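# Architecture and fold: a report
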Amino acid sequence: MRLLRSVANDDRHVMAKHASIYPSSEDLEAVQTMVSTVECALKQVSDWLDGVKKAVKSSSEATEESETNKKDQSGRVLSGVVRIGLVAKGLLIKSDMDLELVLMCKEKPTETLLRTVKGSLPIQIKKLTEEPYEVVQCVEECAAAVRTTKEPFLTLKVILTSPLMREDPEKKEEVENVEMNDPPDILDRQICLNALVSLRHAKWFQARANGLKSCVIILRILRDLCNRDSAWQPLKGWPLELLCEKALGTCNRPLGAGEALRRVFECIASGILLPGGPGLQDPCEKEPTDVLAFLTDQEREDVTFSAQHALRLLAFGQISKVLDMEPLPYSKPATSSTEKEGVSTSSSPVKRPCDNDSEDESSKKLKPDWKKMIDSKYLQKSQPANALMRLNQLKYGLQYKLISQSGPVHAPVFEMSVDVDGTTYKASGPSKKIAKFHLAVKVLKALGCATEEDNEYLEAEEKTQNKSKVDSKSSNLTVSTSGNITTVEVKTQGPILTNGGKNPVMELNEKIRGLRYDLVTETGTSNDKRFVMEVEVDGHKFRGKGPNKKVAKASAALAALDKLFPQNKESNRKKKTVPQSKSGITSLMSAAVQAVRGRTRVLPRGGYVGAAAATGYLPAGYGSPYGYSPAPPAPVPPVYGGFFIHNPYYQPRSIAPLIIHLGPQDFFSNF
């Protein structure tokens, strides 16, 4: 895994190099103006040619032709103009400003048509702009070149071509007849075919490569490398664009500029260009075509060796040599003698520390508040170092770990630990911050560096936290009453709980069963919904608001609890339940003692003979009317009384007889 610092350093160098080779805004504006002007002029030339063609023919023939043109939309002599090359792909750099357009013709282009376009193009350009342009005819290149007469000096080639220049493999037998029908001054067929190929390349690049991150930037960097290094010159153009698209398009994540450049070098250095390698197939051709077939063995080895050498330089942090630029300083360079005198060698200005003795302009511009914050004495007086800061100064780089979290949601307890010199210290607190403070104080005491200020600081932090909890509870609860409708909105995060730590809906259901919650309103957008739920209790309606139905329902239940059971807050705090023992006999004994004291109603039952009853069977007269047999007409006081406790909190776990060694006087007042 490469260090993040080296990746960021490569990105900085690549982007700095790209900024140096990217055309200026004036150059780009001049290119856009020139290309747009020539395109509009060619459209007017096409309209003029159609008008001349119609004027030459007779009216009857023109009428027939107009009817055929309605059926055939390609009736124009010049059917369209398309951008190709660097203009269409957006790969212009300062040292390479080749501009190209393709002028599509209905018939096969000829020298006569080229002369006609060359003659009428300057006239149409003058109608559109006052800037002077020079138009030159280039028969060898099947194009008309448009040049500017002032800086920046640009040249735009308008290449004439037609789809009819392609060979039809199904009509090889008719090739000789077709050549006989061709005009004598037809333009070079191969150049016209290359223009059609460039048109396919431009469309493919716009669909595949423009969407890849850093692809266009890396292509501009590599085009500059091709201009500087003769070993890379054969790859300039379409092969280089294919290599970059294949290298970056097969990665499973977007790459930065530095990583993308390294990946392209890695692909080439792996030997794919060497003889016997996989080669590079052209995706714009129907039949399998190797784009690198024209390279010699020596050229393939030179490019591979150059890529491997560039990878070695990148591995040792010398990307500046690969890009042919001066190395950039780090983001935090060391202070040199020139910087002390006021001259900075870095590209971005470095902030100087404040010096009270010097009277330069930078210190005079500082405001008084900033001077106080820069002063170390002011910082020591206003912000004393707490236990965590002092422990970090003594033992730098300690790792605090969360061991466990216990307690209810409204009162959690966090336990933290830290290893110092092989010894593990542990401490707990109501929050992670306070637990770390406790832990730091404990470690400082063990090291003999603790002070009284640490305890005071901890007490102040705990008071602040408790106060914020109380304030948040009071401030996060909004209650409004209108007639017999009470509305509550809880503005807090996390679960809504009562003082007893229960869900308000559950607690209200325990007290009043069969309540129904209805949705009143639903407002807001899809990402910011507001729900209002309503519950009716004894004719009084309680409403709750929230970002979802669950929170609104809990708020409505909380409003009902606060209104109908206000004493519930104190009862939850003072209520103490008697813990049930694991032994059933012990719990029943405590219940019997309470019965003796008069706290529990005891129902007298009939006599019981001390024989064990069968499972699922009750003797006659015991437990009625809860048993299986009817009760006797009148209770007979037994020597050892059986009893039934009529209290829901002290029900026996199973219906079974139990003999309690108490006297009859404990159960019967008339004994």
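It should be emphasised that the depicted structure is a prediction, and the values quoted were computed from it without experimental measurement.

Cut-off values and rules
Residues numbered from 1 in each chain as written. Predicted model: local features only at pLDDT ≥ 70, side-chain atom pairs only at ≥ 80, totals over all residues. Heavy atoms only, no water. Helix = DSSP H or I, 4+ residues; strand = E, 2+ residues; numbered from the N terminus. Buried < 20%, exposed > 50% of the residue type's maximum accessible area, 1.4 Å probe, protein only. Contact = heavy atoms within 4.5 Å. Areas by Shrake-Rupley, 256 points an atom, 1.4 Å probe, with all protein chains shown as cover. Pairing = 2+ DSSP bridges. Axes fitted to C-alpha atoms, helices over the stretch in contact; angles between N-to-C directions. 1 Å grid on protein atoms, 1.4 Å probe; cavity = no way out; pocket = protein on both sides within 12 Å on 5 of 7 lines; lining within 4 Å. Points joined across faces, edges and corners; volume = space filled by probe spheres on them. Expected span 1.5 Å × (residues − 1). Polar contact = N/O pair within 3.5 Å; in protein donor to acceptor, adjacent residues only side chain to side chain. pLDDT = per-residue confidence, 0-100. Disulfide = S-S within 2.5 Å. Salt bridge = Lys/Arg side-chain N within 4 Å of Asp/Glu carboxyl O.

With that settled, the discussion passes to the overall build of the protein chain. Secondary structure summary: the protein chain contains 23 helices and 15 strands in total. A burial count over the protein chain gives 35% of its 671 residues as buried. In the protein chain, 57% of the contacts between residues at least 6 apart in sequence involve partners at least 24 apart. Of the accessible surface of the protein chain, which amounts to about 42,200 Å², a share of 52% is contributed by carbon and sulfur atoms.

Let's shift gears to the sheet that holds strand β5 (residues 155-161). An order of β1-β2-β5-β4-β3 is seen for the five strands of this open sheet, with the pairing classed as mixed. Strands at the two margins of the open sheet, each flanked by one partner only, are β1 (78-84) and β3 (133-138). With direction set aside, neighbouring strand axes in the sheet form an average angle of 20 degrees. Alignment of strand β4 (residues 143-148) against β5, held across five bridges, turns out to be antiparallel. By the bridge assignment for β5, Val146 is matched with Leu156. Those strands touched by helix α5 (residues 111-128) are β1, β2 (99-105), β3, β4 and β5, and its axis lies near 180 degrees from that of β3.

This part takes up the side chain of Glu245. Here Glu245 lies in helix α9 (residues 238-249). Judged by its relative accessible area of 4%, Glu245 falls in the buried class. The contacts of Glu245, once residues within four sequence positions are left out, are Trp204, Arg208, Ala209 and Leu212.

Below, the discussion takes up empty space enclosed by the protein. Overall, the coordinates contain one cavity of 30 Å³ or more when judged by the stated rule. Looking at the largest cavity, its volume works out to about 30 Å³. If you go around the largest cavity, the residues you meet are Ile221, Leu222, Leu225, Arg228, Leu261, Phe265, Val322 and Leu323. Of all the secondary-structure elements, those providing two or more residues to the lining of the largest cavity are α8 (215-228), α10 (257-269) and α12 (319-323). Among the elements that make up the lining of the largest cavity, the one with the highest residue count is α8 (four residues).

This paragraph deals with helix α21 (residues 549-564). Relative to the 22 Å expected for 16 residues at 1.5 Å per residue, α21 spans 22 Å between its end C-alpha atoms, a close match to the ideal helical length. Of all the positions in α21, only Ala552, Ala554, Ser555, Ala556, Ala557, Leu558, Ala559, Ala560 and Leu561 are classed as buried. N-cap assignment for α21: the residue whose side-chain oxygen lies 3.3 Å from the backbone N of Lys550 is Asn548.

Attention now moves to the confidence of the model for the protein chain. Interpretation of the predicted coordinates at a detailed level should be avoided for regions scoring low in pLDDT. For the protein chain, per-residue confidence averages 75 on the pLDDT scale, and residues scoring 70 or more make up 66% of the total. Overall, residues 470-475 carries pLDDT values under 50, and its contacts beyond four positions in sequence, including any with other chains, amount to zero contacts. pLDDT under 50 marks residues 599-629. Its contacts with residues more than four places away, or in other chains, come to 51 contacts.

Attention now moves to the sheet that holds strand β6 (residues 401-406). The strand order β6-β7-β8 describes an open sheet built from three strands, whose pairing is antiparallel. On the outer flanks of this sheet lie β6 and β8 (423-429), each paired with one strand and no other. Across this sheet, the average inter-strand angle for adjacent strands is 20 degrees, counted without regard to direction. With seven bridges joining them, strand β7 (residues 413-420) and β8 adopt antiparallel strand pairing. Counted as the bridge partner of Met416 is Ala427 from β8. Helix-sheet contacts for helix α18 (residues 432-447) involve β6, β7 and β8, and the interaxial angle to β8 is about 140 degrees.

Here β5 lies mainly inside the structure; five of its seven residues are buried. Sheet analysis places β2 next to β5, joined by six bridges and oriented parallel. Each bridged residue has a counterpart across the sheet, and for Leu103 the counterpart in β5 is Leu160. Here β4 folds back onto β5 in antiparallel fashion, the turn holding six residues.

Further remarks concern the state of the cysteines. For the structure shown, the criterion picks out zero disulfides. For the unlinked cysteine Cys105, the closest cysteine sulfur is that of Cys192, found at 8.1 Å. The thiol of Cys226 is unpaired, and the distance to the nearest cysteine sulfur, on Cys244, comes to 9.2 Å.

A few words now on the environment of Met325. With respect to the secondary-structure elements, Met325 resides in the loop between α12 and α13 (337-340). Once the C-alpha coordinates of Met325 and Ala16 are considered, the two residues, 309 residues apart in sequence, prove to be 9.1 Å apart. Those residues in contact with Met325 that sit more than four places away from it in its chain are His13, Ala16, Lys17 and Ser320.

Using the criterion set out here, one finds 21 salt bridges in the structure. Asp96 is the salt-bridge partner of Arg223, the closest N and O atoms lying 2.2 Å from each other. Taken together, the residues span a long stretch of sequence, with Arg223 in helix α8 and Asp96 in the loop between α4 (85-89) and β2 at a distance of 127 residues. Looking at Arg223, the relative accessible area reads 7%, which means it is buried.

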